[in-house]
Amino acid sequence: MVAAPDIPRASSQALLTATPTKRPRNMGQIIRWFLLFIGGILMVMPIAYMISTSLKWPHEVYNVNLIPKDPTLDNYAYVLEDGRFYWWFVNSMIIATITTICNLLFDSLVGYTLCKFRFPGRKIVFIAILSTLMIPTEMLVIPWYLMSQTFGWLDSYWGIMFPGLMTAFGTFLMKQFFESVPDDFIEAARIDGLNELQIWWTVAMPLVKPALAALAIFVFLGNWTAFLWPLIVTNSVDMYTIPVGLSGFGDEADVAWELIMTGAAISTIPTLVVFLIFQRFIIRGVVMAGLKG
Amino acid sequence: MYRNLTIRQKQIVWAWAFLALPVLFYTVIRFYPTGNAILISFQNWNLLGSRTWAGLENYDKLWNDPVFWKVFQNTFVYLLLGTPLSLVLSFIIAYHLDKLRFMHGFLRMLYFLPFMTSAVAMAWVWRWFYQDVPIGLFNNILANFGIPQIKFLQSTTNALPAVLAPAVWAGLGFQVIIFMAGIRAIPTSYYEAAKIDGVGWFTVLTQITIPLLRPTIVFIVVFSSIGFLRIFDHVFNMTTNNPGGPLNATKPIVLMIYDTAFNGFDMGYAAAQTVVLFTVLLVVSLVQLRLLRSN
């Protein structure tokens, strides 16, 4: 939303390369560790309860025990056999994947062009794109809805995706990272006879992989959890994304809490698994994006 | 023809070839709708009939709408409770976490995990926690200690904080990570100098750490304020039986916009509300940037 504060990039490296050097030496450190540990456990409690309840039989739901006495996957079977969650999951997966790919391609192409080319209008384009960061999505949803209605985009994948195919945040992030690609590399590639498109793809892109990974995580997570626009643009149950579907599912009077928790778990577990696998990477991405964007 | 161009001209051709589609995208999907939203705010339109010019009628209606003032107040309560709370909590956590090495990565993960969840899913989890006995977790725990149960979501005084809590909870991990990066960026020489001078931890904190964290604090304050001013997912999903209720006690401006436009089909009125939201966001971030960057 706003220009990044100037913090040396070294910080993100330091955060990740920090190795355990000191051990808790005194009472103070031990108390500090335990308080932070309890705080951390409280932080993950809602997630733990969500998963635990999704594994409980209906009669055990109101038991405050975190560990189910007799865990069952029945709720998952029930919710998935119902069919709706399956499609919502598939829809979300398709939409989040395509928007991520588009953002990676376009944001980096634009960022690269604005960083490495000298041409009339460069500054204006950059400022214009950056200025869109100040416009809240909420202001655009009404015109987007009218546009979708006119062009028949309502209730379609394209309708859900079109507003997010490129983002100013991603463009800005990529531009910052292309600054670190030396102009000499690009000149050398030109002398070797590569055209500009080839230089971007084969020379510059591989050098900014960490930034691309960070952007991919942000865009995917953002689209996976997006709610307001998909809620507005979809109207048939088959086209819902997983957050929109879950929202309506929870509201059905006959749906029990263990089933709602199962639905919530289905929408959350994939991102949690990805996080647990790529933890260091994602935290570095957050730091990079947070400090750059 | 392309062959005859100079190197500089070729660059210009390539640059605009790369930018053609994106420039079109930003024009059609960002700039045109912005102008359109402002235009619609001066019109009356229910989606079906014709658009008629209304001048300042929608803004006048907004000014005299008690619901709007309630919503405006709620939005600022979210902002004024949420931002300082999450700022202080995340700083305390980051400050202490930074000093620990034992299972550092594991503790950091515990705090960060909620950031990876979806607001909708977690709104439903928290909503379940808040239910009455025998369903809700919180009231069950209270009942075990013989404490009378609390109406969380049905009470006009408790509902807003109850909705705010998961929003603060979900964003905390992000802020902790940003703060830790900021703390790590402070050169150790400052701390070494302080150690030689025999300065206490509190002086180090207030004279070195916090002043040098100013850019990080500015970023977090602006970022989280914008988040709280645009709160929607949590509120909508925790109050779906009566969105923004009870008695509009939790309704934020984005929910009012959604309601006016897509349930009431009063597009002009909703557009006027979005223009107000835009103005508020702009003013709040500019004021914060100015206040926090100066001195």
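All figures in this text were calculated on a predicted structure; none of them were measured in a lab. (Residues numbered from 1 in each chain as written. Chains lettered and ligands numbered in written order. Predicted model: local features only at pLDDT ≥ 70, side-chain atom pairs only at ≥ 80, totals over all residues. Heavy atoms only, no water.)

Section: the overall build of chain A
Then, in step 1: The number of helices and strands found in chain A is 15 helices and zero strands.
Then, in step 2: Its C-alpha atoms give chain A principal-axis dimensions of about 70 × 65 × 35 Å.
Then, in step 3: Within chain A, the fraction of its 293 residues that count as buried is 53%.
Then, in step 4: In chain A, 71% of the contacts between residues at least 6 apart in sequence involve partners at least 24 apart.
Then, in step 5: By element, 67% of the accessible surface of chain A is carried by carbon and sulfur atoms, the whole surface being about 12,800 Å².
Then, in step 6: Averaging the positions of the 18 positive and the 20 negative side-chain charges in chain A gives two centres separated by 19 Å. (Helix = DSSP H or I, 4+ residues; strand = E, 2+ residues; numbered from the N terminus. Buried < 20%, exposed > 50% of the residue type's maximum accessible area, 1.4 Å probe, protein only. Contact = heavy atoms within 4.5 Å. Areas by Shrake-Rupley, 256 points an atom, 1.4 Å probe, with all protein chains shown as cover. Lys, Arg positive; Asp, Glu negative; His and termini not counted. Charge placed at Lys NZ, Arg CZ, Asp CG, Glu CD.)

Side note on the UniProt feature "domain: ABC transmembrane type-1" (unreviewed entry) in chain B
Then, in step 1: Mapped onto this numbering, the UniProt entry gives "domain: ABC transmembrane type-1" (unreviewed entry) at residues 72-288 of chain B.
Then, in step 2: Across residues 72-288 of chain B one finds 72% helix and 0% strand; the C-alpha atoms that close the span lie 19 Å apart. (UniProt positions renumbered as here; feature names shortened; annotations may be inferred.)

Focus: the packing of aromatic side chains
Residues and elements named next belong to chain B.
Then, in step 1: Throughout the structure, instances matching the rule amount to 60 aromatic pairs over all chains.
Then, in step 2: Seen in terms of ring centroids, Phe 25 and Tyr 26 are 5.5 Å apart; in terms of plane orientation they differ by 90°. Their pairing is edge-to-face.
Then, in step 3: Residue Phe 25 is classed as buried on the basis of its relative accessible area, which comes to 9%.
Then, in step 4: On the accessibility criterion, Tyr 26 (3% relative accessible area) is buried.
Then, in step 5: Lying over the aromatic face of Trp 45, Arg 51 brings its terminal NZ or CZ to 4.5 Å of the ring centre.
Then, in step 6: The lysine or arginine in question, Lys 99, covers the ring of Tyr 95, its NZ or CZ lying 4.3 Å from the ring centre. (Phe/Tyr/Trp six-rings, centres within 6.5 Å; stacked < 30°, edge-to-face > 60°. Lys NZ or Arg CZ within 6 Å of the ring centre and 35° of its normal.)

Quick word on the UniProt feature "transmembrane region" (unreviewed entry) in chain A
Then, in step 1: Following the UniProt record, the feature "transmembrane region" (unreviewed entry) maps to residues 30-51, 85-112, 124-145, 157-178 and 255-278 of chain A here.
Then, in step 2: Between the C-alpha atoms that bound residues 30-51 of chain A there is a distance of 30 Å. The span itself is 100% helix and 0% strand.

Quick word on the interface of chain B and chain A
By a widespread convention, an interface's size corresponds to the accessible area lost as its parts come together.
Then, in step 1: Contacts between chain B and chain A engage 101 residues on the former and 106 residues on the latter.
Then, in step 2: In total, about 9,400 Å² of surface goes out of reach between chain B and chain A, with carbon and sulfur atoms giving 78% of it.
Then, in step 3: For the interface between chain B and chain A, the tally reads one salt bridge.
Then, in step 4: Between Arg230(B) and Glu138(A) there is a salt bridge whose closest N-O contact spans 3.1 Å.
Then, in step 5: For the interface between chain B and chain A, the tally reads 18 residue pairs in polar contact (both at pLDDT 80 or more).
Then, in step 6: Counting residues per element, the side of chain B that touches chain A draws most heavily on helix α1 (residues 7-40) of chain B, which supplies 24 residues. (Buried area = accessible area lost by both parts, 1.4 Å probe. Salt bridge = Lys/Arg side-chain N within 4 Å of Asp/Glu carboxyl O. Polar contact = N/O pair within 3.5 Å; in protein donor to acceptor, adjacent residues only side chain to side chain.)

Observations concerning the domain arrangement of chain A
Residues and elements named next belong to chain A.
Then, in step 1: Domain annotation for chain A reports domain 1 (29-72) and domain 2 (81-292).
Then, in step 2: With eight residues of domain 1 in contact, the opposing surface of domain 2 contributes eight residues.
Then, in step 3: For the domain 1 face of the interface with domain 2, the top three residues by lost area are Met 50, Thr 53 and Ser 54, together amounting to 56%.
Then, in step 4: The interface formed by domain 1 and domain 2 includes zero salt bridges.
Then, in step 5: Linking domain 1 with domain 2 are zero residue pairs in polar contact (both at pLDDT 80 or more), by the criterion used here. (Domains from an automatic or database assignment.)

Re unusual backbone geometry
Residues and elements named next belong to chain B.
Then, in step 1: Between Val 133 and the following residue, Pro 134, the backbone shows a cis peptide bond with an omega angle of 5°.
Then, in step 2: In the segment running from Gly 245 into Pro 246, the intervening peptide bond is cis, with an omega of -5°.
Then, in step 3: Residue position: Pro 246 is located in the loop between α11 (233-238) and α12 (253-262).
Then, in step 4: Not every positive phi belongs to a glycine, and Phe 265 is a case in point at roughly 55°.
Then, in step 5: Here Phe 265 is to be found in the loop between α12 and α13 (267-293).

Observations concerning the packing of α1(B) against α13(B)
All names here are of chain B.
Then, in step 1: Packing of α1 against α13 brings their axes to within 7 Å, and their N-to-C directions diverge by 120°. In this view, α1 runs oblique relative to α13, as classed from their interaxial angle. Along this stretch, α1 crosses α13, giving a crossing that reads as left-handed. Seen from α1, the contacting residues are Ala 37, Ile 38 and Ile 40; seen from α13, they are Met 267, Gly 268, Ala 271, Thr 274 and Val 275. (Axes fitted to C-alpha atoms, helices over the stretch in contact; angles between N-to-C directions. Parallel < 35°, antiparallel > 145°, perpendicular 65-115°, else oblique. Left-handed = near helix turned anticlockwise from the far one by under 90°.)

Regarding the side chain of Asn103(A)
Residues and elements named next belong to chain A.
Then, in step 1: Mapped onto the fold, Asn 103 is located in helix α4 (residues 84-116).
Then, in step 2: With relative accessibility at 0%, the residue Asn 103 sits in the buried group.
Then, in step 3: Of the polar contacts made by the side chain of Asn 103, one reaches the backbone oxygen of Leu 165; its length is 3.4 Å.
Then, in step 4: If near-sequence neighbours (up to four positions away) are discounted, Asn 103 is found in contact with Ser 108, Gly 164, Leu 165, Met 166, Thr 167, Leu 215 and Val 219.

Considerations on the nonpolar core
Grouped burial of nonpolar side chains is what soluble globular proteins tend to show.
Then, in step 1: Core analysis: the biggest nonpolar cluster contains 190 residues, and Ile142(A), Phe178(A), Phe232(B), Tyr258(B) and Phe262(B) have the highest contact counts within it.
Then, in step 2: Looking at this core, the element that brings in the most residues is helix α7 (residues 159-184) of chain B, giving 17 residues.
Then, in step 3: When we break this core down by domain, the ones giving at least three residues each are domain 1 (29-72) and domain 2 (81-292) of chain A.
Then, in step 4: If near-sequence neighbours (up to four positions away) are discounted, Phe232(B) is found in contact with Phe227(A), Leu228(A), Leu231(A), Val254(B), Leu255(B) and Tyr258(B). (Core = buried A, V, L, I, M, F, W, Y, C linked by side-chain atoms within 4.5 Å.)

Here's the deal with α7(B)
Residue and element names in this part refer to chain B.
Then, in step 1: For α7, spanning 26 residues, the distance from its first C-alpha to its last is 38 Å, which sits close to the expected 38 Å at 1.5 Å a residue.
Then, in step 2: Of all the bends in α7, the greatest measures close to 35° and is centred on Leu 172.
Then, in step 3: Most of α7 sits out of view: 23 of its 26 residues are buried. (Expected span 1.5 Å × (residues − 1). Bend = angle between axes of the 7 residues up to and from the residue.)

What to know about the environment of Tyr62(A)
Then, in step 1: Residue position: Tyr62(A) is located in the loop between α2 (27-54) and α3 (74-81).
Then, in step 2: Separated by 196 residues in the primary sequence, Tyr62(A) and Glu258(A) place their C-alpha atoms 9.5 Å from one another.
Then, in step 3: Excluding residues within four positions of it along the chain, Tyr62(A) makes contact with Trp257(A), Pro134(B), Ile135(B) and Asn140(B).

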